[in-house]
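Single-letter residue listing:
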Amino acid sequence: MNETSVPDISIIRGVYPERAERMALPGGFDGPVPHYGETVDGREAWAMYRAAAAGDLGLVNDLVAHNPTLVNIQNWYEFPIYMAVRNDHVEVVRALLSAGADPGLSNYLYSSWQTPLQIARDRGFRDVYKVLQEELKVRYNYHQDFYRLRDAVKERDRKMVEAVLQDNAHLAISADEFGAGALHWAALTRQLPLIARFLELGADIDA
């Protein structure tokens, strides 16, 4: 925790303060909350969720400055960034990502990056969706079309793999929203010839 004063969490402002008001404190947050081997103040942690939901960028930044670990506190496999995405607060999403927000840390694998991506896509929040995509590209070299190569590998269809690569060779060095690239999928499906093929195309063995 940084040596900064505790922010005033008694009032949540932002774009939608009423949404924060409807978020009752979970019983598990009424006191110290376990967090990756340490503990955080539950009320401060819940304030981060509420500020993210309301779009209170000032309070989000103050809480991050006070205790950066609050960005990745979990409640029912969700993080504060889910609240910001769900309410279309693009600047809050940016702030949380800059502070180290990582949905990939979820205790439940399939509530990872693809969940906020889907929320933004389904709700038509284009700016939020773009920010998430850009962050995934920086972290994992994510590409939204990678599923085409992934699915061909999973089907063990070498002709389909080559057909995809013919016009999209860049997918060999790309990854999905979990950070899994072509080499990962070839190894998971135990297809040694594909591992060699993807390495030829520049896939990073250290990815």
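Summarised in this report is the structure supplied together with it. Keep in mind the model is a prediction, meaning the values are calculated, not measured. (Residues numbered from 1 in each chain as written. Predicted model: local features only at pLDDT ≥ 70, side-chain atom pairs only at ≥ 80, totals over all residues. Heavy atoms only, no water.)

Among all residues save glycine, negative phi is the norm, and among peptide bonds the norm is trans. With a phi close to 60 degrees, asparagine 141 is a non-glycine residue in the positive phi region. Looking at the element boundaries, asparagine 141 is found in the loop between α7 (126–140) and α8 (146–154). Overall, asparagine 141 belongs to the partly exposed group, its relative accessible area being 27%. Notably, arginine 190 is not glycine yet its phi reads approximately 55 degrees, a positive angle. Mapped onto the secondary structure, arginine 190 falls in the loop between α10 (182–188) and α11 (192–200). Owing to a relative accessible area of 77%, arginine 190 belongs among the exposed residues under this scheme. (Helix = DSSP H or I, 4+ residues; strand = E, 2+ residues; numbered from the N terminus. Buried < 20%, exposed > 50% of the residue type's maximum accessible area, 1.4 Å probe, protein only.)

This part covers the nonpolar core. Of all hydrophobic cores here, the largest spans 45 residues; its most connected members are Ile81, Val93, Leu96 and Leu132. Counting only elements with at least two residues in this core, the list comes to α2 (42–54), α3 (57–66), α4 (80–86), α5 (90–98), α6 (114–122) and α7. The biggest single contributor to this core is α2, with 9 residues. In contact with leucine 96, other than residues within four places in its own chain, are Met48, Ala52, Val60, Val71, Pro80, Ile81, Ala84 and Ala101. (Core = buried A, V, L, I, M, F, W, Y, C linked by side-chain atoms within 4.5 Å. Contact = heavy atoms within 4.5 Å.)

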